[in-house]
Amino acid sequence: MKLSAVAAPAIKAEGDVLVVGHYAEERRPTPTLAALDKALDGMATAVLKAERFEGKPNHVSHFYTAGRIPAKRVLVVGLGKRADLDMEGVRRATASALRRARELGAKIVSAELMGERLTPRARAQAMAEGAILGTYAFERHKKEKSNRIVDELRVVDADRRRRSQVQEGLSRGEVFAAAACYARDLVNEPANLVTPGYLAKAAGDIAREGKLKLTVYDRAECQKLGMGAYLGVAQGSQEPPKFIHLTYTPRQRSRKRVAIIGKGITFDAGGLDLKTAEGMVRMKDDMSGAAAVLGIFRSLPSLGLPLEIHGVIAAAENMPSGSAQRPGDIVRAMNGTTIEIGNTDAEGRLTLADALAYAVKVVKPDEIIDLATLTHACVIALGNLCSGVMWNNKPLADRILAAAESAGEKMWPLPLLEEYKELLKSDVADLNNVGPRGGGALTAGLFLKEFAGAVPWVHIDIAGTAFTEKDLPLGPKGGTGAGVRTMLTYLHTLAGRK
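Reading the values: rules and limits
Residue numbers restart at each chain and count upward from 1, following the sequence in its written direction. A pLDDT threshold of at least 70 governs which residues receive local features in this predicted model, and a stricter bar of 80 or more applies before side-chain atom pairs are shown or counted, although totals over entire chains, interfaces and linings include all residues. In computing side-chain values, all of the structure's heavy atoms are included and hydrogens and water are not. Strands here mean DSSP runs of E at least two residues long; helices mean DSSP runs of H or I at least four residues long; both are numbered from the N terminus. Both definitions apply: the radius of gyration is a C-alpha atom measure, and the globule rule equals 2.2 Å times residues to the power 0.38. Accessible area is worked out with a 1.4 Å probe on protein chains only. A residue is then buried under 20% of its type maximum, exposed over 50%, and partly exposed in between. Whether two residues are in contact is decided by their heavy atoms, any of which lying within 4.5 Å being enough. The charge count treats Lys and Arg as positive and Asp and Glu as negative. His and the chain ends do not count. To locate a charge, the coordinates of NZ of Lys, CZ of Arg, CG of Asp or CD of Glu are taken. Side-chain rings of Phe, Tyr and Trp (the six-membered ring for Trp) are treated as a pair once their centres are within 6.5 Å; stacked means planes under 30 degrees apart, edge-to-face means over 60, and tilted covers the remaining angles. A ring is scored as having a charge over it whenever the NZ atom of a lysine or the CZ atom of an arginine sits within 6 Å of its centre and within 35 degrees of its normal. To estimate how far a helix should reach, multiply one less than its number of residues by 1.5 Å. Directions from the helix axis toward the C-beta atoms define the arc. Any Lys or Arg side-chain nitrogen found within 4 Å of a carboxyl oxygen on Asp or Glu counts as a salt bridge. What we call a nonpolar core is a set of buried Ala, Val, Leu, Ile, Met, Phe, Trp, Tyr and Cys residues that are connected through their side-chain atoms within 4.5 Å. Paired strands, in this sense, are two strands between which DSSP finds at least two bridges. For helices, the axis comes from a line fit to the C-alpha atoms of the stretch in contact; other axes are also lines fit to C-alpha atoms, and the angle between any two N-to-C directions lies between 0 and 180 degrees. Under the rule applied, a polar contact is a pair of N or O atoms within 3.5 Å (in protein, one hydrogen donor and one hydrogen acceptor; residues adjacent in sequence only if both atoms are side-chain atoms).

Draft legend 1. Spotlight on the overall build of the protein chain. Along the protein chain, the regular secondary structure elements total 15 helices and 19 strands. Over its C-alpha atoms the protein chain spans a radius of gyration of 24 Å, differing by no more than 12% from the 23 Å that the globule rule assigns to 498 residues. For the protein chain, the C-alpha atoms occupy an extent of roughly 80 × 50 × 45 Å along the three principal directions. Expressed as a percentage of the 498 residues in the protein chain, the buried residues total 58%. Taking contacts inside the protein chain between residues at least 6 apart in sequence as the whole, the part at least 24 apart equals 78%. Side chains of the protein chain carry 68 positive and 57 negative charges; the gap between the two charge centres is 6 Å.

Draft legend 2. Expanded view of the packing of aromatic side chains. The tally for this structure, following the rule as stated, stands at five aromatic pairs. With centroids separated by 5.3 Å and ring planes inclined at 45°, the aromatic side chains of F447 and F451 adopt a geometry described as tilted. Of the two residues, F447 and F451 both sit in helix α14 (residues 440-452), four residues apart, roughly one turn of that helix. You can call F451 buried: its relative accessible area is 2%. These aromatic residues form a ring-pair network of at least three members: Y217, Y230, F243 and Y358. The lysine or arginine in question, R184, covers the ring of Y136, its NZ or CZ lying 5.1 Å from the ring centre.

Draft legend 3. Structural detail: helix α13 (residues 394-407). End to end, α13 covers 20 Å across 14 residues, agreeing with the expected 20 Å (1.5 Å per residue, within 8%). Of all the residues in α13, the buried ones are L396, A397, I400, L401, A403, A404 and A407. What you see down the axis of α13 is that its buried residues fit within an arc of 160°, all on one side. Where α13 is buried, its residues meet α3 (87-103), β13 (367-372), β14 (387-391), β15 (411-413), β17 (457-461) and α15 (484-494).

Draft legend 4. View of the pattern of salt bridges. As enumerated under the stated definition, the model contains 36 salt bridges in all. For E189, the salt bridge identified is with R140, shortest N-O distance 2.6 Å. Remark: R140 occurs in the loop between α4 (120-134) and β6 (152-157) and E189 occurs in the loop between α5 (163-188) and α6 (196-210); sequence separation between them is 49 residues. By relative accessible area, which is 4% here, E189 ends up buried. Because the salt bridges share partners, they merge into one network encompassing E88, R91, R92, E129 and R485.

Draft legend 5. Spatial organisation of the nonpolar core. By size, the foremost hydrophobic cluster in this structure holds 98 residues, and its most contacted members are V109, I260, L294, I296, F297, Y490 and L491. Tallying contributions element by element places α5 first for this core, with 12 residues. Non-local contacts of L491, meaning those with residues more than four positions away in its chain, are made with V258, I260, I296, L300, L305, L307 and I309.

Draft legend 6. Quick peek at the sheet that holds strand β7 (residues 213-217). Strand order in the open sheet formed by eight strands is β7-β8-β10-β9-β13-β17-β14-β15, and the pairing between neighbours is mixed. The open sheet is flanked by β7 and β15, the only strands paired with a single partner. Each strand of the sheet is rotated relative to its neighbour by a mean of 20°, with strand direction disregarded. As judged from the five bridges shared by β7 and strand β8 (residues 242-248), these two strands associate in the antiparallel manner. The residue of β8 that forms the bridge with T215 is H245. Running over the sheet, α13 touches β13, β14, β15 and β17 and is turned about 40° from β17. Taken strand by strand, α14 contacts β13, β14 and β17, and its axis lies near 145° from that of β17.

Draft legend 7. Layout of the environment of A314. Here A314 shows up in strand β10 (residues 308-318). Separated by 51 residues in sequence, A314 and K263 have C-alpha atoms that sit 6.7 Å apart. Sequence-distant contacts of A314, defined by excluding residues within four places in its chain, comprise Y230, K242, F243, G262, G264 and T351.

Draft legend 8. Spatial organisation of the side chain of S61. By the element assignment, S61 lies in strand β3 (residues 60-64). Judged by its relative accessible area of 1%, S61 falls in the buried class. A polar contact is formed between the side chain of S61 and the side chain of E51, at a distance of 2.5 Å.

Given below as structure tokens:
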């Protein structure tokens, strides 16, 4: 979708559809709606009254203009109460409007800049994200693809002085949304295509196009590094593991060195502790953290942030076979910690243990953030619309949570109670990889904390949010790209960008 900023009154905008917003609980129409009503001899008021349109969030109505203004149709979208409208409200309103415009067969859509309580840049960014995320579709493997696609969105604002800010916001929103859509594509692909090798190839393409540094370690090289926890998970699969390390280095002096780690289990059958058929059917999404990391790194060259950023992915399959690790096995992680395998289906924390240990020893970052579809316990606690956040450094966690709120991604803090570490004790090793059923998300977080060491670290459990079984306001059923826009927002803030 082409995005552009147009400095003109909305009533003069051309296109198949003109989108304007309408607030709830306000008697007077917006200036644009009033101008439209005058130009259309009261048609706007008549239609909205007939349809009992009250401006509730994301409600949509439309009518033809009969050639009285340049746009062929007007589409009115509800914005809710004026005082409540934030960036997420603008995203959702734009997504609703663009989906309706797509249903109407519109190719060119002009939309008035919405949300005057926000800065022009933030308004435009939210509209770009809403338009792109809201009209996302994954049809790569279908013979019959939808031919109803919006080709262009023109964001219209009468104040010419703000045009550069609007264009900047559109550009940033386009990059953020494209990164999330790239992650969605990876998650939506089947596991017979997206293997550890496929992720390594995708990382190679990203590195080549963005002129990034890439190192991919094979099984033998990981053995030399002492990654026994990671390789123990991988040993049951015919697909060779790939340990991926991407590096973005800024041209200017770096403000900080950040490591972002993504869980990369391309399919999780559970190992010898085999999942049920129902529990296994969606396990292609167990690499959603890795997909988020790749989406983020795909966008970094165009953002030009003054940060040194490292992406680490321990990619593997967790499969049952004669060579698979067994319950009761003991493995040694890269930092020397021994781990008793209490359950082979608690594999993500094993791969992340070595990824964290690698980041601490090799990258030596100022801070680490990991994203992982780690525990069903987090889904039980927070459901499918909210990610869980755990940490060893509260100021870092506060910054991540603030970025999530700005990005419109729901996240909630979960406590890492030191007393629960007793639940990970092993009689024969330093740690067991599982604790009891109760507090499972917390014991998983405490397990990971052991490998982050003294480096400031935040863990984001996206088990519930990485994939949706129903359409959401900003996307259809399938991969969501969870965490991508939060992390890009955070990196922007860390870089001092407004």
